[in-house]
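Fold and geometry: a report
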Amino acid sequence: MNLSIFGLGYVGTVIAGCFAKAGHRVIGVDSEPSKVSLINSGQSPIIEAEIGDILRDAIADGSLRATGDAAEAVAASELSLLCVGTPSQPGGELDLTYIRRVCADIGAALRGKSARHVVVVRSTVLPGTIENVVVPALEAASGKRAGAGFGVVMNPEFMRESSAVRDFYNPPKTVIGADSADDAALVARLYEGLPGPVIHTAVKVAEMVKYCDNIFHALKITFGNEIGLLAKAAGVDSHEVMRIFCEDTKLNLSPAYLKPGFAYGGSCLPKDLRAMTWFARSRDVTVPVLNAIGHSNTHQIENAIRTILAAGRKRIAVLGFAFKGGTDDLRESPVVTVIEALLGKGCELRLFDPSVNTARLVGANRRYIEQHIPHLAKLMVASAGEAVADAEIILLGNINTAYHPALKSLTPAQRIIDLTSSGHHPDTSAAYERLAG
Ligand SMILES: NC(=O)c1ccc[n+]([C@@H]2O[C@H](COP(=O)([O-])OP(=O)(O)OC[C@H]3O[C@@H](n4cnc5c(N)ncnc54)[C@H](O)[C@@H]3O)[C@@H](O)[C@H]2O)c1
């Protein structure tokens, strides 16, 4: 394909060289003449393993050239890949100056172009930037409409500096966010033959995924570092601890616990986090990320309470109030905290949880219920159907297929608020809302 690549920094230079090597005809565009001349003389404007040879060969065989002229580059290409910087402003807000300018340049060039052109954003931009900044800027400058007049695709870049060329050939994944299947397919052709999944999704999801990745990487580094501080204070080898931690690919390095939903609870996580953060305080070890976990969890509970009260209905059925489905353990269940707050605000509640009901009957958890939550025991009913019968709101507190027949019987006047945010529920006429997005 004929590609124009806007911005010859770390991302743009690497992909310009690698796409040229893959057989595409590439024109690199940069507003800095020194970078244009460096590339045209077969030299790299960045320090990065392997890229020097790739650029030299690509310039020599004519598959790559650079220019400062955006109009010429757009005219000679089907795809424009945007790799300009999106730096931080002092307050953290994105500086979109370069994105706006490059969209104005490409848009102006599109005015006189009749063949279809697709603009592919590779820069990291916040969700909504394509819709609210990129598309309006391109439309204003081109006089054309996005979709009919030109395509816009979000294709975030996941390479890392110092291993960028290797990452290009071994991407962890390729993410293509587009409204048009044809435009998405065109972009996917660029990555044919490369390993890793090619994931097609919505534009805003593609914008957000990149942030999700980088924030998680920052969190992992910080987590490892804070564990390192605690291990040192305990006289333990932190590398041995984390080596063993990483061997667990079922619960630790895995999709487990990564679905947005509701607060954690139960008899272990809150207690063990408290013990370790107490240990840190007692040894004068500063672990702000570990300390923040409990606060964040409390905020999740408060958010749920606010969301439910904001619905302005008082008759509430709770299906599931043990901290997860299939257990009768009510210790530190965040759903119990929600229930108590709602009772304090004058709501009328009916509670059902099959595991808790059984435990109560057979007496396994009876003492806990009678001693700690006798006020809740009175609100428990014998079936999910009985709980939802007159309810205006149905709170799903944990996941259990035992609730499905009752959920199927709901009417459009009733509303489900799913704290688990799982989406696991049968067809129901009631309105359904997940606590998480
Ligand atoms: N650096 C990385 O490892 C990396 C990895 C993944 C994603 N990203 C993202 O990719 C984007 C680019 O990052 P980078 O590190 O390559 O940036 P960079 O600052 O190294 O390069 C940006 C280039 O764009 C050029 N430019 C600015 N305005 C222009 C215009 N109107 N026309 C043409 N060129 C113009 C600049 O002169 C510069 O050469 C950022 O959004 C970044 O967050 C970077």
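Residues numbered from 1 in each chain as written. Predicted model: local features only at pLDDT ≥ 70, side-chain atom pairs only at ≥ 80, totals over all residues. Heavy atoms only, no water.

The subject of this paragraph is the site of the ligand. As a structural note, the neighbourhood of the ligand is formed by 23 residues, with Val11, Asp30, Lys35, Thr86 and Glu161 the closest of them. With respect to the ligand, the side chain of Glu161 contributes an N or O atom lying 2.8 Å from a nitrogen atom. Considering the ligand on its own, with 840 Å² of exposed area, one finds that the protein chains cover 82% of that surface. Judged by the proximity of its atoms to the pocket grid, the ligand belongs to the second largest pocket. Sorting the residues of the shell around the ligand by element identifies helix H1 (10-21) and helix H5 (97-111) as the ones contributing at least two each. For the shell around the ligand, a count of residues per class yields nine nonpolar, seven polar and seven charged. (Near = heavy atom within 4 Å. Polar contact = N/O pair within 3.5 Å; in protein donor to acceptor, adjacent residues only side chain to side chain. Areas by Shrake-Rupley, 256 points an atom, 1.4 Å probe, with all protein chains shown as cover. 1 Å grid on protein atoms, 1.4 Å probe; cavity = no way out; pocket = protein on both sides within 12 Å on 5 of 7 lines; lining within 4 Å. Sits in = over half its atoms within 2 Å of the grid points. Helix = DSSP H or I, 4+ residues; strand = E, 2+ residues; numbered from the N terminus. Nonpolar A, V, L, I, M, F, W, Y, C, P; charged D, E, K, R; others polar.)

Residue Ser162 is not a glycine yet carries a positive backbone phi of 85°. Structurally, Ser162 is set in the loop between strand E6 (151-154) and helix H7 (164-169). Taking the relative accessible area as the measure of exposure, Ser162 reaches 56% and is therefore exposed. At Glu332, a position not held by glycine, the phi torsion is positive, near 55°. Residue classification places Glu332 among the partly exposed positions, given a relative accessible area of 38%. (Buried < 20%, exposed > 50% of the residue type's maximum accessible area, 1.4 Å probe, protein only.)

What follows deals with the domain arrangement of the chain. The domain boundaries assigned to the chain delineate domain 1 (2-201) and domain 2 (299-434). Summarising the inter-unit geometry, the C-alpha centres of domain 1 and domain 2 are found 50 Å apart. (Domains from an automatic or database assignment.)

This part takes up the layout of surface pockets. Of the volumes computed, that of the second largest pocket is approximately 950 Å³. What lines the second largest pocket is a set of 38 residues, among which Val11, Cys83, Val84, Gly85 and Ser123 lie closest to the centre. If you list the elements that add at least two residues to the lining of the second largest pocket, you get H1, H5 and helix H9 (203-234). It is H9 that contributes the most residues to the lining of the second largest pocket, five residues altogether. Of the residues in the lining of the second largest pocket, the class split is 14 nonpolar, eleven polar and 13 charged. (Points joined across faces, edges and corners; volume = space filled by probe spheres on them.)

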